[in-house]
Amino acid sequence: MGRKYVLGIESTAHTFATAIVDDELNILSDVRDVVKPGETLGIDPKLTAEHHANVAPQVLKKALDDAGMDIIDIDAVAYSMGPGLGPALRIGATVARAIAYKFKKPLYPVHHGIGHIELTSSLLGFKDPLVVIVSGGHTSILSFSLGRWRTYGETLDITLGNLMDMFARKIGIPFPGGPKIEEIARKGRKYIEMPYGIKGNNMVYSGLLTYATQLIGKEPVENIAYSLQETAFTVLVEATERALTQVSKKEIGLTGGVASNDRLYNMMCDMASEHGVKVGRLEKKYNSDNGVQIAVVGILYMKSGYAPVPVEEAVIKQRIRVEEVEVPWR
Amino acid sequence: MEIRGLLEHFLEDGVMISKGAESNLYKISYYGKPAVLKYRVEKKYRIKELDKKIRRRRTFGEASSIYEAWKKGINVPRLLYADLERYYLIMEYLEGEVLREAILKKKYTDEEISVIASSLGEMIANLHNIDIVHGDLTTANIIIKDELRPYLIDFGLSERRSDPEAKAVDIEMFYRVLESTHTMEREKFFNAFIQAYKKNVLNSKEIISRFNRIRRMGRYIEERRRRS
Ligand SMILES: Nc1ncnc2c1ncn2[C@@H]1O[C@H](COP(=O)(O)OP(=O)(O)OP(=O)(O)O)[C@@H](O)[C@H]1O
Ligand SMILES: [Mg+2]
């Protein structure tokens, strides 16, 4: 039997991306096109969808060219079905359906978050990890139990990525401000007590943002950034430790844009080592939305013999939770 | 360096019964009675100042909430001793079984589940009525003594809050736990629980409507953020 190839299409938010991955999870191509952020951090759904529709043909063509393949060589198409922005999701789903219909390819709708999770597990070589996603779109602690990926903790308001970026903007650093905040925080010397938002295994960050913002101009910015980071990360690591003792896993996979922060990574390692648990994080480029994560899940569906969906049933679900998704490959 | 003191004395013939995320628990003998010593341990990942603040605050919070609740006749272990400088407290030992494990083992019939859930609903209502939110309501923090009597433990994340929002969050978190850990029993359990809660809590309308709102919101964080 020859090798199988899956085309993955991602379009939940600001990124339109395609990738081709084979059944041994080799990445043959990975092409992305990101909407430039506007004045606000939020994304304009209409402009985003327009962008995606405009770049889709060339992003798709480049993924095929880079892999040296023709569309008929693909064995299946996977697309991100949600959660995300309706108008943006619709572009990816439409492209996927068109290909599946015209070239008679099996079609797999993929949960975007499960894409992050499975890509993290497979690239890190982790069999059964606790996955911590910290990005602009997510801040959640997940693990596999009773047949599904489940959320063991998450932000109850804003994400960790948002917290960093919004604070950065307030001190005049353009999006994405996270990396710069890490740099400034390194020069902080004094810890200022700030609102510590933990609710069980869940985080609450908006009070922290308000508090830190009000200190601007009153305290050296290095100390504010340092205290903001220490507080926000300590909350996350504590929530992770609580989840960890509940599910007793042996590995923690850290992913999402904020995973690049060394302070966070080191804190996570310090916490985990006390439990004899390993921590891994992804290479920077796989922390942001991409087509590979979607293709990888497509491969997993295909290999487990899961039935593809007929084109007319290939919908999008803007608000789908990980718990709603059946996971036949684990 | 921490000096040798009462803590070491207590621990000398104590037996560790649990190693949680933030604390170690020992069964000890306190003036001849079985008791539990809960010691909040140092965490290397936290900077020193924050580590001390958190341990102190949690020890104090737990001690005062247990004491306040106990004074009102709510089923909690009796507080026996607390040392805020060494971050530990001592409370009455409860003979019983943790609800989480008991449910997972299918120990109870449907009727028994309803009985427990409704006593619990009444208990949480009484707690909220004295403006304490538990902050970590899970079935792992409930011990069932004989005659299906639930006792509430682990008040480290408790807060003094009079606003309906905080109370609604408390209930919502409990709902999440039932949803993820006790999927089969959730409906029966929660129905009995919320009925008793509503009947006993002050300001019930306000809390329940906030609860319903959070339930809706929680699911859509993703979308709300993206619209912002
Ligand atoms: N008063 C008590 N009597 C008997 N057993 C107790 C008592 N308090 C706690 N325990 C036991 O110890 C366990 C942990 O206690 P507690 O929840 O207070 O600590 P914790 O550090 O928050 O732990 P975890 O992280 O597991 O929640 C409980 O599940 C229970 O089995
Ligand atoms: Mg507990």
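Quick caveat, the model's predicted, so the values are computed rather than measured.

Analysis parameters
- Residues numbered from 1 in each chain as written.
- Chains lettered and ligands numbered in written order.
- Predicted model: local features only at pLDDT ≥ 70, side-chain atom pairs only at ≥ 80, totals over all residues.
- Heavy atoms only, no water.
- Pairing = 2+ DSSP bridges.
- Helix = DSSP H or I, 4+ residues; strand = E, 2+ residues; numbered from the N terminus.
- Axes fitted to C-alpha atoms, helices over the stretch in contact; angles between N-to-C directions.
- Contact = heavy atoms within 4.5 Å.
- Donors = N, O, S within 2.8 Å, 3.2 Å for Na, K, Ca; no water.
- Buried < 20%, exposed > 50% of the residue type's maximum accessible area, 1.4 Å probe, protein only.
- Domains from an automatic or database assignment.
- Buried area = accessible area lost by both parts, 1.4 Å probe.
- Salt bridge = Lys/Arg side-chain N within 4 Å of Asp/Glu carboxyl O.
- Polar contact = N/O pair within 3.5 Å; in protein donor to acceptor, adjacent residues only side chain to side chain.
- Core = buried A, V, L, I, M, F, W, Y, C linked by side-chain atoms within 4.5 Å.
- Near = heavy atom within 4 Å.
- Areas by Shrake-Rupley, 256 points an atom, 1.4 Å probe, with all protein chains shown as cover.
- Nonpolar A, V, L, I, M, F, W, Y, C, P; charged D, E, K, R; others polar.
- Expected span 1.5 Å × (residues − 1).
- Arc of directions from axis to C-beta.
- Parallel < 35°, antiparallel > 145°, perpendicular 65-115°, else oblique.
- Left-handed = near helix turned anticlockwise from the far one by under 90°.

Student: Help me understand the sheet that holds strand β12 (residues 278-281) of chain A in this model?
Tutor: In sheet architecture, strand pairing relies on hydrogen bonds along the backbone and comes in two forms, parallel and antiparallel. Residue and element names in this part refer to chain A. On the basis of which strands lie adjacent, the open sheet formed by five strands has the order β8-β7-β6-β11-β12 and mixed pairing. The open sheet has two edge strands with one neighbour each: β8 (148-154) and β12. When the angles between neighbouring strand axes are averaged without regard to direction, this sheet yields 25°. Judged from the four bridges that link them, strand β6 (residues 130-134) and strand β11 (residues 251-255) form a sheet pairing that is parallel. Following the sheet pairing, V132 is matched in β11 by L254. Packing against the sheet, helix α8 (residues 262-273) makes contact with β6, β11 and β12, and its axis sits at approximately 160° to β12.

Student: Could you clarify how one ought to interpret the coordination of the magnesium ion (ligand 2) in this entry?
Tutor: Ideal coordination angles are 109.5 degrees for a metal with four donors arranged tetrahedrally and 90 or 180 degrees for a metal with six donors arranged octahedrally. All names here are of chain B. Around the magnesium ion (ligand 2), the protein contributes the donor atoms N141 (OD1) and D154 (OD), at 2.1 to 2.2 Å from the metal centre. One end of the pair, N141, is in the loop between β7 (132-133) and β8 (142-145); the other, D154, is in the loop between β9 (149-152) and β10 (159-160), and 13 residues separate them in sequence. Summarising the burial analysis for this pair, N141 and D154 share the class buried.

Student: Help me out: how do you make sense of the domain arrangement of chain A in this one?
Tutor: Residues and elements named next belong to chain A. Taken as a whole, chain A is organised into domain 1 (5-116 + 287-324) and domain 2 (128-284). Contacts between domain 1 and domain 2 engage 14 residues on the former and 20 residues on the latter. Summed over both partners, the interface of domain 1 with domain 2 buries about 1,400 Å², with 53% contributed by carbon and sulfur atoms. Inspection of the domain 1/domain 2 interface yields one salt bridge. For the pair domain 1 and domain 2, the interface holds seven residue pairs in polar contact (both at pLDDT 80 or more).

Student: Would you mind showing me how to read the interface of chain A and chain B here?
Tutor: A common measure of how large an interface is: the accessible area buried when the components associate. Taken together, the contact between chain A and chain B spans 43 residues of the former and 36 residues of the latter. Roughly 3,500 Å² is buried in total at the junction of chain A and chain B, and carbon and sulfur atoms are behind 50% of that figure. Put simply, chain A and chain B have eight salt bridges between them. With a closest N to O distance of 2.6 Å, R176(B) and E154(A) form a salt bridge. The interface formed by chain A and chain B contains eight residue pairs in polar contact (both at pLDDT 80 or more). Broken down by secondary-structure element, the contributors of at least two residues to the side of chain A that touches chain B are β8, β9 (198-199), α7 (221-247) and α8 of chain A. Looking at the side of chain A that touches chain B, the element that brings in the most residues is α7(A), giving nine residues.

Student: What should I look at first to understand the sheet that holds strand β3 (residues 33-40) of chain B in this one?
Tutor: All names here are of chain B. Strand order in the open sheet formed by five strands is β1-β2-β3-β5-β4, with antiparallel pairing between adjacent strands. One side of each edge strand has no neighbouring strand; the edge strands of this open sheet are β1 (15-19) and β4 (79-83). Going across the sheet, the axis of each strand differs from the next one's by a mean of 20°, ignoring polarity. Pairing of β3 with strand β5 (residues 88-92) involves five bridges; the strand directions are antiparallel. Paired with A35 across the two strands is E92, which belongs to β5. Here helix α2 (residues 48-71) sits on the sheet and contacts β3, β4 and β5; the angle it forms with β3, its principal contact strand, is near 145°.

Student: Honestly, the nonpolar core in this entry has me stumped. Any pointers?
Tutor: In globular proteins that are soluble, nonpolar side chains generally tend to be buried together. Residue and element names in this part refer to chain A. L7, I9, Y79, I99 and W149 are the most contacted members of the largest nonpolar core, which has 60 residues in total. In terms of residues, this core owes the most to one element, helix α9 (residues 292-303), which gives nine residues. For this core, the domains that each give at least three residues are domain 1 (5-116 + 287-324) and domain 2 (128-284). Once you skip the residues sitting within four places of it in the chain, I9 turns out to touch F16, A17, T18, V77, A78, Y79, S80, G92, V95, A96, I99 and I294. Counting residues in each nonpolar core, the second largest holds 55 residues, with L208, V247, V258 and M271 among its members.

Student: What exactly am I supposed to notice about the site of ligand 1 here?
Tutor: Residues and elements named next belong to chain B. Residues in contact with ligand 1 amount to 18 residues; listed here are only the nearest, S23, K38, E92, L94 and D154. In this structure, an oxygen atom belonging to ligand 1 sits 2.3 Å away from a side-chain N or O atom of S23. Between ligand 1 and K38, the relevant distance is 2.7 Å, taken from an oxygen atom to a side-chain nitrogen or oxygen of the residue. In isolation ligand 1 exposes 600 Å². Once the protein is present, 83% of that is buried. Elements represented by at least two residues in the shell around ligand 1 include exactly β2 (23-30), β3 and β5. In terms of residue class, the shell around ligand 1 is built from 11 nonpolar, four polar and three charged. Formed jointly, the shell around ligand 1 draws a minimum of three residues from each of two domains, domain 1 (3-92) and domain 2 (97-227).

Student: Explain α8(A) to me, please; I cannot follow it from the model alone.
Tutor: Structural remark: α-helix, 3.6 residues per turn; residues separated by three or four positions point the same way. All names here are of chain A. The terminal C-alpha atoms of α8 lie 16 Å apart, and with 12 residues this matches the ideal 16 Å at 1.5 Å per residue to within 8%. Of the residues making up α8, those classed as buried are L264, M267, M268, M271 and A272. Axial view of α8: buried residues confined to an arc of 130°, hence all on one face. Packed against the buried residues of α8 are β6, α7, β11 and β12. Its side-chain oxygen placed 2.9 Å from the backbone nitrogen of R263, N261 serves as the N-cap of α8.

Student: Which parts of the structure should I look at to understand the pattern of salt bridges?
Tutor: A side chain of one charge can pair with a side chain of the opposite charge if their charged atoms are brought near each other. Residue and element names in this part refer to chain A. Overall, the coordinates contain 49 salt bridges over all chains when judged by the stated rule. As a salt-bridge pair, D22 and R3 come within 3.5 Å of each other at their nearest N and O atoms. Here R3 lies in the segment before β1 (5-10) and D22 lies in strand β2 (residues 15-22), a separation of 19 residues in the sequence. Relative accessible area serves as the criterion here: at 3%, D22 is assigned to the buried category. E154 is the salt-bridge partner of R321, the closest N and O atoms lying 3.4 Å from each other.

Student: Explain the packing of helix α5 (residues 178-185) of chain A against α7(A) to me, please; I cannot follow it from the model alone.
Tutor: Relative orientation and spacing of two packed helices are given, respectively, by the angle between their axes and the distance between those axes. Residues and elements named next belong to chain A. The N-to-C vectors of α5 and α7 enclose an angle of 110°; their axes lie 8 Å apart at closest approach. Classified by the angle their axes make, α5 and α7 are roughly perpendicular. Once α5 is placed against α7, the crossing between them reads as left-handed. Listed contacts from α7 to I181, E182, I184 and A185 of α5 are V221, E222, A225, Y226 and Q229.

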